[in-house]
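Chain by chain, the residues run as shown.
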Amino acid sequence: PHAGAIARLFFGGTLVNELICRDCPHSSSREDDSMVAQLVVAGKTTLVDSLEASVEGELLQGDNAFHCLECDARVTTLKRQCFG
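The paragraphs below set out a description of the structure included in this document. Every residue gets a number counted from 1 within its own chain, in the order that chain's sequence is written. It should be noted that, the model being predicted, local features are given only for residues of pLDDT at least 70 and side-chain atom pairs only at 80 or more, the latter also being counted only at that level, while totals for whole chains, interfaces and linings use all residues. Hydrogen atoms and water are omitted, and side-chain values are computed over all heavy atoms in the structure.

### What about the overall build of the chain?
Runs of E in the DSSP output that reach at least two residues are strands. Runs of H or I that reach at least four are helices, and both are numbered from the N terminus. A count of helices and strands for the chain gives two helices and six strands. Listing each helix as α and each strand as β along the chain from the N terminus yields α-β-β-α-β-β-β-β. Computation of the radius of gyration draws on C-alpha atoms alone. For the globule rule, the value is 2.2 Å times the number of residues to the power 0.38. The C-alpha atoms of the chain give 16 Å as radius of gyration, which overshoots the globular expectation for 84 residues (12 Å, by more than 25%). Seen through its principal axes, the chain has C-alpha atoms that stretch 50 × 35 × 20 Å. Accessibility here uses a 1.4 Å probe with only protein chains present; expressed as a share of the type maximum, an area under 20% marks a residue as buried, one over 50% as exposed, and anything in between as partly exposed. Residue burial in the chain is summarised as follows: out of 84 residues, 21% are buried. Between two residues, a contact is recorded if the distance between any of their heavy atoms is within 4.5 Å. Contacts in the chain between residues far apart in sequence, at least 24 positions, make up 46% of those at least 6 positions apart. Using a 1.4 Å probe, the Shrake-Rupley method yields the accessible areas, and only the shown protein chains count as cover for residues. Carbon and sulfur atoms make up 54% of the accessible area of the chain, which amounts to about 6,200 Å² in all.

### Considerations on the sheet that holds strand β1 (residues 13-21)
Pairing between strands is defined by DSSP: at least two bridges between them are needed. Ordered in space as β2-β1-β6-β3, the four strands form an open sheet in which the pairing is antiparallel. Both edges of this open sheet fall to β2 (27-34) and β3 (58-60), since each of them pairs with a single strand only. On average, each strand axis in the sheet is tilted by 20° relative to the strand beside it, whichever way the strands run. Simply put, an axis is a line fit to the C-alpha atoms, just over the touching stretch for a helix, and the angle between two N-to-C directions goes from 0 to 180 degrees. Packed onto the sheet, helix α2 (residues 47-56) meets β3 and β6 (77-83) and runs at close to 140° relative to β6.

### Section: the pairing of β6
In the sheet, β1 pairs with β6 via seven bridges, with the strands oriented antiparallel. Looking at β6, one finds that Asn 17 is bridged to Gln 81. Of the strand pairs in this sheet, β3 and β6 are connected by three bridges, and their pairing is antiparallel. What sits directly across from Glu 58, in β6, is Lys 79.

### Describing unusual backbone geometry
Of note, the phi angle at Asp 72 is positive, near 55°, even though the residue is not glycine. The topology assignment puts Asp 72 in the loop between β4 (66-68) and β5 (73-75).

### Things to note about the pattern of salt bridges
The salt bridge definition used is simple: a Lys or Arg side-chain nitrogen within 4 Å of an Asp or Glu carboxyl oxygen. Within this structure, the stated rule accounts for two salt bridges. Residues Glu 18 and Arg 80 are paired through a salt bridge, measuring 2.5 Å at the closest nitrogen-oxygen approach. With Glu 18 in strand β1 and Arg 80 in strand β6, this pair connects stretches of sequence that are 62 residues apart. For Glu 18, a relative accessible area of 17% gives the class buried. Arg 80 gets classed as partly exposed once you look at its relative accessible area, which sits at 25%. Asp 32 is the partner of Arg 30 in a salt bridge, and the nearest nitrogen-oxygen pair spans 3.0 Å. Residue classification places Arg 30 among the partly exposed positions, given a relative accessible area of 49%.

Here it is, written out as structure tokens:
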């Protein structure tokens, strides 16, 4: 087997980027194969804390609200990244 295939087998995974609208029933997700996960480590004491923070995501609201294509409106939206 090719070395890259072996590395993906052991260290690769899927990251799921999610947009979950809070003001309407719509959501979207995109899966990307990845061998890298960016985690926030500042202020975290364990790897689990860092992983939980990445799943919590950020709330896009106000001037930073997401434009929902289905509603054609700016809506409060949870943007997060999960592991698939």
